[in-house]
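# Structural characterization, general
Chain by chain, the residues:
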Amino acid sequence: MSSVSDDTESSSHFVTPASDVRLSATQQALAGSTAKGATKLILYPLDTFKSRRQARRFGELQEFRHLQTLRGVYRGIVPKLLLYSPYQAVYMSAYITARDHLLQGPLGDSVATFAVAGAVAEVAGSAIRLPMEVAKLRLQLGAYSNSFQAFKDILMNPWRLTRGFVPQTIMHDCSYSACGWLFFESGRQWLYSLRGSSNLPVYENLLLGFAAGTLTSLVTNPFDVIKTRIIGSSSETPPGILSTAKSIWRFEGLGAFWQGASLRVLHLAPSHGLYMLLYEVIKLQIAAFGADEDRKKMQR
């Protein structure tokens with residue numbers, strides 16, 4: 001696929017990326033899970049510092065001094081990497097399927113399609129993501145002593161890990177996913193239209209992902225602060241979204257909702273950009289491998 005006109009359908013002006021044409025949803029999901037795992041491994045320390053800053057009033061980091069080692073900043077990486085591959089595979093498969101179906105519906109190629117598809121994908125992957133996120137965050141904050149204890153708690157008390165966290169996860173994760181895809185897909189479609197081509201250099205996917213990650217991080221940071229406070233709570237019964245938000249507002253002020261925002265941007269903007277770059281590169285490699293296999297079959 002080389003031009004916008006080749007991809008335009010009567011029911012939608014959405015342009016399918018050239019790198020997606022030869023790939024199934026399953027292959028795209030595989031590329032997504034591989035790219036996400038590599039991205040999380042590289043940028044994980046920034047996520048740790050962000051979470052610790054948000055977890056305490058006024059962003060106090062003193063109590064985490066004993067965890068300021070290489071091993072300490074990578075606490076929680078094991079459950080995250082082990083569970084992120086299946087999560088991202090489910091997530092990307094759900095996003096692509098939902099987006100393609102919505103494009104043929106009444107929403108067409110409006111920005112609402114990308115936002116709704118992003119939210120649907122997050123809901124689909126939440127059964128995997130939620131216990132992973134709780135375990136990862138509690139390891140970062142020192143609530144678990146090691147990854148074995150985290151996995152044991154997941155296996156022995158799976159419902160306890162999700163009880164009370166579902167509303168805030170939907171609030172945070174769905175809004176983040178919706179905003180991320182809205183910004184990225186809208187920007188990509190604009191570039192396709194501007195150039196009359198559905199091919200983008202990989203570095204432009206990096207820059208576009210970086211921009212989308214920056215905007216999404218800033219817009220959804222208040223939700224991230226609330227989520228971190230709820231998950232990081234030592235209470236047997238986690239506090240609710242409204243009570244947590246009211247407490248932050250009352251005792252710390254409006255500015256507290258943007259605690260960790262700079263660290264979040266420093267983590268998620270390059271994370272978005274690096275993920276989109278790796279995602280495109282891996283998709284191109286899968287497509288090239290498939291083309292080589294087809295040529296070999298034809299020569300036999």
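Going by the structure above, here's the rest.
Computed from a prediction, not measured in an experiment: that's the story for all the values here. (Residues numbered from 1 in each chain as written. Predicted model: local features only at pLDDT ≥ 70, side-chain atom pairs only at ≥ 80, totals over all residues. Heavy atoms only, no water.)

Summing up its helical and strand segments, the chain has 11 helices and zero strands in all. Ordered by position from the N terminus, the helices and strands of the chain form the series α-α-α-α-α-α-α-α-α-α-α. With 300 residues in all, the chain has 49% of them scored as buried. Expressed as a percentage of contacts within the chain between residues at least 6 apart in sequence, the contacts between residues at least 24 apart total 78%. Accessible surface, the chain: about 14200 Å² in total, of which carbon and sulfur atoms supply 65%. (Helix = DSSP H or I, 4+ residues; strand = E, 2+ residues; numbered from the N terminus. Buried < 20%, exposed > 50% of the residue type's maximum accessible area, 1.4 Å probe, protein only. Contact = heavy atoms within 4.5 Å. Areas by Shrake-Rupley, 256 points an atom, 1.4 Å probe, with all protein chains shown as cover.)

Moving on to helix H9 (residues 202-231). The α-helix advances 3.6 residues per turn, and as a result positions three or four apart in sequence lie on the same side. Between its first and last C-alpha atoms H9 spans 36 Å; for 30 residues at 1.5 Å apiece the expected length is 44 Å, and the helix comes up short by more than 12%. By the largest-angle criterion, Asn221 marks the main kink of H9, which is about 55 degrees, and a proline, Pro222, follows within four residues. (Expected span 1.5 Å × (residues − 1). Bend = angle between axes of the 7 residues up to and from the residue.)

Right, let's talk about the side chain of Asp224 for a bit. Structurally, the position occupied by Asp224 is in helix H9. There is a polar contact of 3.1 Å between the side chain of Asp224 and the side chain of Arg264. (Polar contact = N/O pair within 3.5 Å; in protein donor to acceptor, adjacent residues only side chain to side chain.)

Ranked by size, the top nonpolar core spans 31 residues in total, and within it Met92, Tyr95, Trp181 and Tyr279 carry the most contacts. Going through the elements one at a time, helix H2 (25-55), helix H4 (77-103), helix H5 (111-140), helix H8 (166-195), H9 and helix H11 (261-299) are the ones with two or more residues in this core. Core analysis: the second largest hydrophobic core is formed by eight residues, Val225, Ile230, Ile248 and Phe257 among them. (Core = buried A, V, L, I, M, F, W, Y, C linked by side-chain atoms within 4.5 Å.)

Glancing now at helix H10 (residues 241-252). Here H10 spans 16 Å end to end across 12 residues, near enough to the 16 Å set by a 1.5 Å rise per residue. Within the sequence span of H10, burial applies to Thr244, Ala245, Ile248 and Glu252. Down the axis of H10, the smallest arc covering the buried residues is 100 degrees, so these residues share one side. Of the exposed residues in H10, the ones pointing more than 90 degrees away from its buried face are Leu242, Lys246, Trp249 and Arg250. Gly253, located one to two residues past H10, shows a positive phi value of around 90 degrees. (Arc of directions from axis to C-beta.)

Together, Val202, Tyr203, Leu206, Leu207, Val281 and Leu284 make up an exposed nonpolar region whose accessible area comes to about 490 Å². Broken down by element, the nonpolar patch gets its largest block of residues, four residues, from H9. Along the chain, Val281 falls in helix H11. With a relative accessible area of 31%, Val281 lands in the partly exposed category. (Patch = residues over 30% accessible without salt bridge, like charges linked within 9 Å, V, L, I, M, F, W, Y side chains within 5 Å. Salt bridge = Lys/Arg side-chain N within 4 Å of Asp/Glu carboxyl O.)

By convention here, two paired aromatic rings are described through the distance between centres and the angle between planes. Under the defined criterion, the tally for this structure stands at six aromatic pairs. On the basis of an interplanar angle of 50 degrees and a centroid distance of 6.0 Å, the ring pair of Phe14 and Phe114 is categorised as tilted. Linking Phe14 in the loop between helix H1 (4-7) and H2 with Phe114 in helix H5, this pair joins segments that are 100 residues apart in sequence. Phe114 carries the same exposure label as Phe14, and that label is buried. Measuring from centroid to centroid gives 6.2 Å for Trp181 and Phe184, while their planes differ by 80 degrees, and the two rings are edge-to-face. Here Phe184 and Trp181 lie together in helix H8, a separation of three residues that amounts to about one turn. Under the relative-accessibility criterion, Phe184 is labelled buried at 1%. (Phe/Tyr/Trp six-rings, centres within 6.5 Å; stacked < 30°, edge-to-face > 60°.)

Turning our eyes to something else, we now look at the side chain of Asn221. By secondary structure assignment, the location of Asn221 is in helix H9. In terms of polar contacts, Asn221 uses its side chain to reach the backbone carbonyl oxygen of Gln259, at 3.3 Å.

Attention now goes to the pattern of salt bridges. This structure, assessed with the given rule, holds 10 salt bridges. For the salt bridge of Arg188 with Glu185, the shortest nitrogen-to-oxygen distance reads 2.9 Å. Residue Arg188 and its partner Glu185 are located together in helix H8, separated by three residues, close to a single helical turn. Glu185 carries the same exposure label as Arg188, and that label is buried. The salt bridge involving Glu204 is made with Arg195; its shortest N-O contact spans 2.4 Å. Owing to a relative accessible area of 10%, Glu204 belongs among the buried residues under this scheme. Overall, the relative accessible area of 44% leaves Arg195 in the partly exposed class.

On to the environment of Leu139, then. With respect to the helices and strands, Leu139 occurs in helix H5. Look at Leu139 and you get buried, because its relative accessible area is 1%. Considering only alpha carbons, one finds Leu139 and Arg75, 64 residues apart in sequence, at a separation of 5.7 Å.

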